[in-house]
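Here's the letter readout for the chains.
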Amino acid sequence: MNAIIKTRGWEFDRPVPPHGYAWWYVDALSDDGRHGITIIAFIGTVFSPWYAWSRRWGAGDPENHCCMNVALYGSPRRWAMTDRPRTALRRGPDFLQIGPSGMEWDGNALTIRIEEVTAPIPTRLRGTVRVIPQAVSTRAFLLDAAGRHRWQPIAARSRVEVTLESPALRWSGPAYFDTNAGSAPLEQDFVDWDWCRAPMPDQTAVLYNALRRDGTAQSLALRVGADGTVEDVEPPPAAALPRGFWGVARPARSEDGTARLVRPLEDTPFYTRSEIRTRLLGREATAVHESLALDRFAALPIQVMLPVKVPRARR
């Protein structure tokens, strides 16, 4: 995988083609290890059954399927992912508003204002998350041979300040900020993928592995320095982690061939997010790890169940 473009990454007004998507992803763990958060702003909500049905039977308009996905880990746990129509979307070069929630880049930090209702049990999820990059990277990568899918680690080394009103919660810790964009559905071009990022005092390791529909595989290993420089390194050996409750594989990598599951964060029929311990760039590290099984996501039984966790708003 080679760099394809130099870009800021937070161009929230970027064009998104029919059947395509753009998302901006933030995750963080608290310094004391008790809490975690993931926030994903989608235009073309790739894991929405409503968007999947629209692509199959309708126009597949990504702006008519946008959302601010927020997940809290630890105690309390919360989940919100409401698919919203194009009337809920406003955006410019440095801001993105999706319904009552939004994010804005001010040149120094990304401020995310959250005003969501959780699912499947409705409760309020409200507050502010501020992501302060230690350095910003402009290197973007192709994920497929046809050049339809792109990924960029905007700020792999960041700090976060979480201030929530509902639930009442306040903490800080290491954070990560990236973006993906594509002109085709994920399940059309990929079978599965796994990703992880491991922050360390002076560097961060980021791994990205994908199995494509054409049978080829992609394995990317990066070292992000304190100044934001992104360097390719040799991918470490495979390491086994236990499968998720629903049988989704958690392929991982570690320089000594071993990795340990610390705690599952999300464990679904097609997707896992986990906190793991692994060895990368010569050090033991705590990493956020994800694995995605796209044949499972596309299966009809999964699509029928998903509206429980991903409701659709009228406006």
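Below you will find a few notes about this structure. Just so it is clear, the structure is predicted and the values come from calculations on it, not from any experiment. (Residues numbered from 1 in each chain as written. Predicted model: local features only at pLDDT ≥ 70, side-chain atom pairs only at ≥ 80, totals over all residues. Heavy atoms only, no water.)

### Re the environment of Asp256
Tracing the sequence through the fold places Asp256 in the loop between strand 19 (252-253) and strand 20 (260-267). Along the chain, Asp256 and Thr216 lie 40 residues apart, while their C-alpha atoms are 26 Å from each other. Setting aside chain neighbours within four positions, we find Asp256 in contact with Arg279 and Glu284. At 2.8 Å, the side chain of Asp256 forms a polar contact with the side chain of Ser254. (Helix = DSSP H or I, 4+ residues; strand = E, 2+ residues; numbered from the N terminus. Contact = heavy atoms within 4.5 Å. Polar contact = N/O pair within 3.5 Å; in protein donor to acceptor, adjacent residues only side chain to side chain.)

### Description of empty space enclosed by the protein
Within this structure, the stated rule accounts for one cavity of 30 Å³ or more. Volume-wise, the largest cavity comes out at about 40 Å³. Tyr25, Asp27, Ala28, Leu29, Gly36, Ile37, Thr38, Tyr73, Leu265, Arg273 and Val288 together form the lining of the largest cavity. Here the element with the most residues in the lining of the largest cavity is strand 2 (residues 21-29); it accounts for four residues. Residues belonging to the lining of the largest cavity are distributed by class as follows: seven nonpolar, two polar and two charged. (1 Å grid on protein atoms, 1.4 Å probe; cavity = no way out; pocket = protein on both sides within 12 Å on 5 of 7 lines; lining within 4 Å. Points joined across faces, edges and corners; volume = space filled by probe spheres on them. Nonpolar A, V, L, I, M, F, W, Y, C, P; charged D, E, K, R; others polar.)

### Some thoughts on the packing of aromatic side chains
Applying the stated criterion to the full structure yields 18 aromatic pairs. A ring pair is formed by Trp50 and Trp53, whose centres lie 5.4 Å apart and whose planes are at 80°; its orientation type is edge-to-face. Taken as a pair, Trp50 and Trp53 lie in helix 1 (residues 49-57) at a separation of three residues, close to a single helical turn. Each ring, one from Trp193 and one from Tyr208, has its centre 5.4 Å from the other, and the planes form 90°; the classification is edge-to-face. Of this pair, Trp193 sits in strand 14 (residues 190-199) while Tyr208 sits in strand 15 (residues 203-212), placing them 15 residues apart in sequence. The exposure class of Tyr208 is buried, given its relative accessible area of 4%. These aromatic residues form a ring-pair network of at least three members: Tyr21, Trp23, Phe42, Phe47, Phe270, Tyr271 and Phe297. The ring of Tyr51 carries Arg55 above its face, with NZ or CZ at 4.6 Å from the centroid. The aromatic ring of Trp57 is capped on one face by Arg56, whose charged end is 5.5 Å from the ring centroid. (Phe/Tyr/Trp six-rings, centres within 6.5 Å; stacked < 30°, edge-to-face > 60°. Buried < 20%, exposed > 50% of the residue type's maximum accessible area, 1.4 Å probe, protein only. Lys NZ or Arg CZ within 6 Å of the ring centre and 35° of its normal.)

### Comments concerning the side chain of Ser274
Position of Ser274 relative to the elements: it lies in strand 21 (residues 271-280). Within polar-contact distance, the side chain of Ser274 engages the side chain of Arg250 at 2.9 Å. If we ignore the near neighbours within four places in the chain, the residues touching Ser274 are Arg250, Leu261, Arg263, Pro264, Leu265, Ala287, Val288 and His289.

### Let's talk about the nonpolar core
Within the largest apolar cluster, 39 residues are counted, with the highest numbers of intra-cluster contacts made by Trp23, Phe47, Trp151, Leu186 and Trp193. In terms of residues, this core owes the most to one element, strand 2, which gives four residues. Look past the residues within four positions of Trp23 in its chain and what remains in contact with it is Ile40, Ala41, Phe42, Val46, Asp178, Thr179, Asn180, Leu186 and Trp193. Formed by 37 residues, the second largest nonpolar core is a distinct cluster that contains Phe12, Leu72, Ile114 and Ile154. (Core = buried A, V, L, I, M, F, W, Y, C linked by side-chain atoms within 4.5 Å.)

### Side note on the sheet that holds strand 22 (residues 283-293)
Strand order in the open sheet formed by seven strands is 17-16-15-14-22-21-20, and the pairing between neighbours is antiparallel. Looking along the sheet, the strands with just one partner apiece sit at the ends: strand 17 (230-232) and strand 20. Going across the sheet, the axis of each strand differs from the next one's by a mean of 20°, ignoring polarity. Taken together, the nine bridges between strand 14 and strand 15 define a ladder with antiparallel strand orientation. The residue bridging Trp193 from the neighbouring strand is Ala210, located in strand 15. (Pairing = 2+ DSSP bridges. Axes fitted to C-alpha atoms, helices over the stretch in contact; angles between N-to-C directions.)

### Structural notes on the pairing of strand 21
Extensive coverage of strand 21 is indicated by the burial of eight of its 10 residues. In this structure, strand 20 lies alongside strand 21, joined through six bridges in antiparallel fashion. Bridging from a neighbouring strand, Glu266 pairs with Arg273 of strand 21. Connecting the antiparallel pair strand 20 and strand 21 is a turn made up of three residues. As judged from the 10 bridges shared by strand 21 and strand 22, these two strands associate in the antiparallel manner. Bridge pairing links Thr272 to Ser291 in strand 22.

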